[in-house]
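Listed below, chain by chain, are the residues.
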Amino acid sequence: MRLNTSSLSTLVLLAIASLSTTSAASSSSQFAVPRRAFVSKIDTKEQVVSQLETSSSSSLLTNTRGGSSTDDAATTTMSKETGLPPAAKLLIGAGGIYGAFLYYGSLQEDVFRYTAADGTQFKQAWFLQVLEALANVLVGFVGMQLTGATKNIPQMAFAISGASQVSAKACTSLALANGLSFPIATLAKSGKMAPVMFGSLILGGATYTLREYLQVALIIGGTAVVSMGKKKGGGSASSLMGVAYIILSLVLDGVTAGFQKRLKAETAKAGVKPKPYDFMFWTNLYMCLTAMVISGGLGEVGTGLAYCAGNPEILEKIIKFAICSAVGQSFIFYTIANFDPLILSTVTTTRKIFSVLLSIFLKGHTLSLTGWTGIAMACSGILSEMHAKMSGKAKAH
């Protein structure tokens, strides 16, 4: 079955265009006014799903209790009008995010489903993180030089945040490498609020609404139903090890949220306000260094390079994968600089759903009625979370 991705993206852009009218008007008249905002990110690698929080005209993007990602901490400055109409800016920003991250997800799945002529598969997840982070470091460095680097940034806070983020991303890749299907991994990562809620309840005494509990339950329950609802012969079954890695990735997402709050406090204490590309460069630099140390210790650098040299097809996919990650993050910065972060949240949330559907239709996954019921449950939870954010924003105005 073929899916017209262009039509799907157009429909989503039209659906969120109505949100942009109020947002764009606010940006044009109050671009110097600080905003508090958030947006859920990817994994990536869901290398860049996160929630954004701006605290000044050059503000910090951090994770709130709803989740964390690489794909995730950054800052942004509300930009002045450049002459382009809001609809054109929305098309550029949202279209760039859809294009980069839909292809990113497809390439990530292709990398871990690739089988060489001798029957071997690519398993070097940490080596892959080195290359992805390196691409982001290069783009972040160029952007930082163009916009001006911020001095006296607290390096230790960035190092800890970067290490936890790359660990979460690597665990997602390891889940795929150990048999977990891409649709299940993506849906499971959408439930990253669960470990954050659990940690906050146990350690912080936080409270949540019934709706928030139901949203998480729908996402997690739907993911479990999808896992049980795959038809025989519809691809490799989700392995126990793959499930363990995706759970560990979710736990690390919760840990990352705590480290990013500390990062925000450290930058405020130091009296510095890092710009978007400062965050992109420094976070990914420490992600790259962490991945290099671990991949080197595991011997993945040598084996990864040898595998890519012997299989040029997968090397091409890995290079494109890393480029998509860096380009996607740049479009995220562009969108949040020109629109209310709710727009970005809507784009990234619906992108996850389309990533799952595209994988099912284009990669040969076959689901039973039970599996499709699980997809509906999980998507309902994701959309409910998005609707709650929209409602909260409307009440704030």
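Conventions used here
- Residues numbered from 1 in each chain as written.
- Predicted model: local features only at pLDDT ≥ 70, side-chain atom pairs only at ≥ 80, totals over all residues.
- Heavy atoms only, no water.
- Salt bridge = Lys/Arg side-chain N within 4 Å of Asp/Glu carboxyl O.
- Helix = DSSP H or I, 4+ residues; strand = E, 2+ residues; numbered from the N terminus.
- Buried < 20%, exposed > 50% of the residue type's maximum accessible area, 1.4 Å probe, protein only.
- Contact = heavy atoms within 4.5 Å.
- Axes fitted to C-alpha atoms, helices over the stretch in contact; angles between N-to-C directions.
- Parallel < 35°, antiparallel > 145°, perpendicular 65-115°, else oblique.
- Nonpolar A, V, L, I, M, F, W, Y, C, P; charged D, E, K, R; others polar.

Colleague: Tell me about the pattern of salt bridges, residues and numbers included.
Modeller: Oppositely charged side chains may form a pair once their charged atoms are brought near each other. Within this structure, the stated rule accounts for 6 salt bridges. Across the pair Arg 113 and Glu 109 runs a salt bridge whose closest N-O atoms are separated by 3.3 Å. Residue Arg 113 and its partner Glu 109 are located together in helix H2 (residues 86-113), separated by 4 residues, close to a single helical turn. For Glu 109, a relative accessible area of 3% corresponds to the buried category.

Colleague: Report on the environment of Ala 135, specifying residues and quantitative values.
Modeller: Relative to the elements of secondary structure, Ala 135 occurs in helix H3 (residues 125-147). Given the relative accessible area of 16%, Ala 135 is considered buried. Spatially, the C-alpha atom of Ala 135 lies 8.8 Å from that of Asn 284, the residues being 149 residues apart in sequence. The contacts of Ala 135, once residues within four sequence positions are left out, are Ala 322 and Ala 326.

Colleague: Give a description of the packing of H3 against helix H10 (residues 300-310) that names residues and reports values.
Modeller: It is at 9 Å that the axes of H3 and H10 come closest, and there the two elements cross at 80 degrees. Judged on the interaxial angle alone, H10 and H3 are roughly perpendicular. Across the interface between the two elements, Ala 125, Trp 126 and Phe 127 from H3 touch Glu 300, Val 301, Gly 304, Leu 305 and Cys 308 from H10. Split by residue class, the contact of H3 with H10 holds 6 nonpolar, 1 polar and 1 charged.

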